[in-house]
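Observations on the three-dimensional arrangement
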Amino acid sequence: MPENATNAAIGSLVTPVIVILIIVIILCLIASCIKIVPQAQAYIVERLGGYQATWGVGIHFKLPIIDKVARKVLLKEQVMDFPPQPVITEDNVTMQIDTVVFFQITDPKLFTYGVENPIMAIENLTATTLRNIIGDLELDQTLTSRETINTQMRSSLDIATDPWGIKVNRVELKNIIPPREIQDSMEKQMKAERERRESILRAEGEKKSTVLVAEGKKESAILEAQAEKEAAILRAEAKKEATIREAEGRAQAIEAVQKATAEGIRYLNEAAPQQAVLTLKSLEAFERAADGKATKIIIPSEIQGIAGLAKSLVETAEK
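Residues numbered from 1 in each chain as written. Predicted model: local features only at pLDDT ≥ 70, side-chain atom pairs only at ≥ 80, totals over all residues. Heavy atoms only, no water.

This part covers the pattern of salt bridges. Summed over all chains, the structure comprises 11 salt bridges. A salt bridge links D81 to K174; its shortest N-O distance comes to 2.8 Å. With D81 in strand β6 (residues 78-81) and K174 in strand β9 (residues 166-177), the pair connects residues that are 93 residues apart, well separated along the chain. Relative accessible area serves as the criterion here: at 43%, D81 is assigned to the partly exposed category. Note on K174: relative accessible area 42%, which makes it partly exposed. Residue E241 pairs with R245 through a salt bridge whose shortest N-O separation is 3.0 Å. Of this pair, E241 and R245 both sit in helix α6 (residues 180-271), four residues apart, which is roughly one turn of the helix. Given a relative accessible area of 37%, E241 falls into the partly exposed group. With a relative accessible area of 53%, R245 lands in the exposed category. A single salt-bridge network, built from bridges that share partners, covers R154, D158 and K167. (Salt bridge = Lys/Arg side-chain N within 4 Å of Asp/Glu carboxyl O. Helix = DSSP H or I, 4+ residues; strand = E, 2+ residues; numbered from the N terminus. Buried < 20%, exposed > 50% of the residue type's maximum accessible area, 1.4 Å probe, protein only.)

In structure tokens form, the structure reads like this:
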């Protein structure tokens, strides 16, 4: 009896545990069937090994055991930096070129089932396309035609990867590494070219300097000639002005003398002088004329008579 009671107690305890375990398993199974697809991603769902659907952003439910998420695809633009690839130019120069490819997955289903390893496929396709393009170019063209090479590679890769659900947005040549001896030759050539340009620039500078000096001397000579001309004009004008002033001064002096003479005559006429006064004034004038400087003096007869009369008067007075 006690043994039966023990078994009954154990059975009563095991039954709830099993029920709880079953419930937990069911809940976990239900939870695993709920999928939330984040932004910029897509899920490829297979049912019993075959393609079922492509899930976009949001919440989705799948059948347990039957359905499974075969692949999670990133829809953002991706960048792949491939290692340097050896390529040979048309003039048989081997160089190393590494490329950078910017691509984006546009069809998750084609990306999943189109090719086994899409990244490796893009890398190999990039290398073969690059070799084909560089093989038609010479070394100098390769170094100076990056944009053309990028455009051709992008177009070729975009067409080739379209069945895989991939769109190539851009291709860039990251580095072009020629052989060491080619690099040395290029450096020497660049150095010679820089020296040549330096010589040309120096010669052009000296030429411009000489021209500027000559123009400066020419301008200086022109300015000096203009200054000399203006100085000569000013001197002539000054001389002309001085002559005019001198002539005006003389004219004014003559005019003043004539006015003084006229005033003297007017005063004499107004005073009505007698004959004796006039005779005395004539003698004073004769005295000034005979101041010893003249060598020959012509005396008018009227003055001679007056002189004789004056002499007689003087002699009479002395007696």
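Within the chain, A40 stands out as a residue other than glycine whose phi angle is a positive 65°. Within the secondary structure layout, A40 lies in the loop between β1 (34-37) and β2 (41-47). A40 sits in the buried class, given a relative accessible area of 18%. One non-glycine residue, I65, adopts positive backbone phi at about 70°. Examined against the element boundaries, I65 turns out to sit in the loop between β4 (58-61) and β5 (67-74).

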